[in-house]
Amino acid sequence: MRIKRAEFITSLTGGQRIPGGELPQIAVVGKSNVGKSSLINCLCNQNKLARVSGEPGKTRLINLYRINDAFYLVDLPGYGYARVSRGMQEDWGRMMDSYFAGTQSLLHILHLVDMRHEPGANDVQMQAWIQHNGVPCTVVATKCDKLSRAQQQKAALVLCRTLGVQPWDVQPFSSVTRAGREELLARVGQVLGEEAEA
């Protein structure tokens, strides 16, 4: 698929209705600082569409991007950042729950994990929730440019074993080298095409 138009629409706290909520949605989830904003910018071929910060925990709202006037990329707040208050962590949890409970248009989740490290407890918990709710998912293994090909293969096996996913559901990705970009766009196109045919 080709992304010809991408625009930031609004930020939500989870309780509001999504404008044009009938459009299909693909959610982007992952630990703080795993590269969600960088992935969105890379996929959309825009450097400043999503705000990138070197400091974890900056995305504190649900950010909505309309793509090709055909679907939304939904950037959810990063989880697992310890240096915020417990109250704020609980607020983020409620925001996520509110989004997931309120949307009827979620087709797919891009679950980002840092390929350099074994998934943490929060990653495992997120993937367990995804599987429990039966939402189709692609595990996007970010920062793959930091690893050799042999290291990537080994890391992918660890991801599959720890998260309980299949190898074909893991996509190595780098926003620096753009490795995996075309494969991920093809997966998104497939998701949207399958929905159109259903």
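A brief report on the enclosed structure follows. Keep in mind that what you see is a predicted model, and the values were worked out from it rather than measured. (Residues numbered from 1 in each chain as written. Predicted model: local features only at pLDDT ≥ 70, side-chain atom pairs only at ≥ 80, totals over all residues. Heavy atoms only, no water.)

## Structural notes on the environment of Trp168
Note on placement: Trp168 falls in the loop between helix H4 (149-163) and strand E7 (170-172). In sequence terms Trp168 and Val139 are 29 residues apart; their C-alpha atoms lie 9.3 Å from each other. (Helix = DSSP H or I, 4+ residues; strand = E, 2+ residues; numbered from the N terminus.)

## Some details on the sheet that holds E7
On the basis of which strands lie adjacent, the open sheet formed by seven strands has the order E1-E3-E4-E2-E5-E6-E7 and mixed pairing. Here the strands that pair on one side only, and so sit at the sheet edges, are strand E1 (6-12) and E7. If you compare each strand with its neighbour and ignore which way they point, the axes differ by 25° on average. Across five bridges, strand E3 (residues 62-67) lies against strand E4 (residues 71-75) in antiparallel orientation. (Pairing = 2+ DSSP bridges. Axes fitted to C-alpha atoms, helices over the stretch in contact; angles between N-to-C directions.)

## Considerations on the pairing of E3
Of all six residues making up E3, five are buried, and the element is well covered by its neighbours. Bridge count for E1 against E3 is six bridges, and the pairing is antiparallel. Each residue of the ladder has a partner; that of Thr10, found in E3, is Leu64. (Buried < 20%, exposed > 50% of the residue type's maximum accessible area, 1.4 Å probe, protein only.)

## Re the nonpolar core
Ranked by size, the top nonpolar core spans 33 residues in total, and within it Val74, Leu76, Tyr99, Phe100 and Ile109 carry the most contacts. Contributions of two or more residues to this core are made by strand E2 (25-30), E3, E4, helix H2 (86-102), strand E5 (106-114), helix H3 (121-132), strand E6 (137-142) and H4. Once residues lying within four places of it in the same chain are set aside, the contact partners of Val74 are Gln25, Ile26, Ala27, Val28, Ile62, Asn63, Leu64 and Tyr99. The next biggest cluster of nonpolar side chains, apart from the first, holds 26 residues, and it includes Leu49, Phe71, Leu73 and Leu192. (Core = buried A, V, L, I, M, F, W, Y, C linked by side-chain atoms within 4.5 Å. Contact = heavy atoms within 4.5 Å.)

## Focus on H4
With 15 residues, H4 ought to run about 21 Å at 1.5 Å a step, and its terminal C-alpha atoms sit 21 Å apart, in line with that. Burial in H4 covers these residues: Gln152, Ala155, Val158, Leu159, Cys160 and Leu163. Looking at the buried side of H4, the elements it contacts are E5, H3, E6 and E7. Looking at the residues trailing H4, positive phi occurs at Gly164, about 70°. (Expected span 1.5 Å × (residues − 1).)

## Focus: the pattern of salt bridges
Counted by the stated rule, this structure contains seven salt bridges. Its salt-bridge partner being Asp69, residue Arg5 comes within 3.5 Å of it at the nearest N-O pair. Here the residue Arg5 occupies a position in the segment before E1, and Asp69 occupies one in the loop between E3 and E4, the gap between them amounting to 64 residues. Given a relative accessible area of 45%, Asp69 falls into the partly exposed group. Glu182 is the partner of Arg181 in a salt bridge, and the nearest nitrogen-oxygen pair spans 2.9 Å. Given a relative accessible area of 11%, Arg181 falls into the buried group. Here the salt bridges share partners, and the residues they tie into one network are Arg5, Glu7, Arg66 and Asp69. (Salt bridge = Lys/Arg side-chain N within 4 Å of Asp/Glu carboxyl O.)

## Details of unusual backbone geometry
The phi torsion at Asn33 lies on the positive side, around 70°, for a residue other than glycine. Inspection of the secondary structure assignment puts Asn33 in the loop between E2 and helix H1 (36-44). A relative accessible area of 36% means that Asn33 is categorised as partly exposed.

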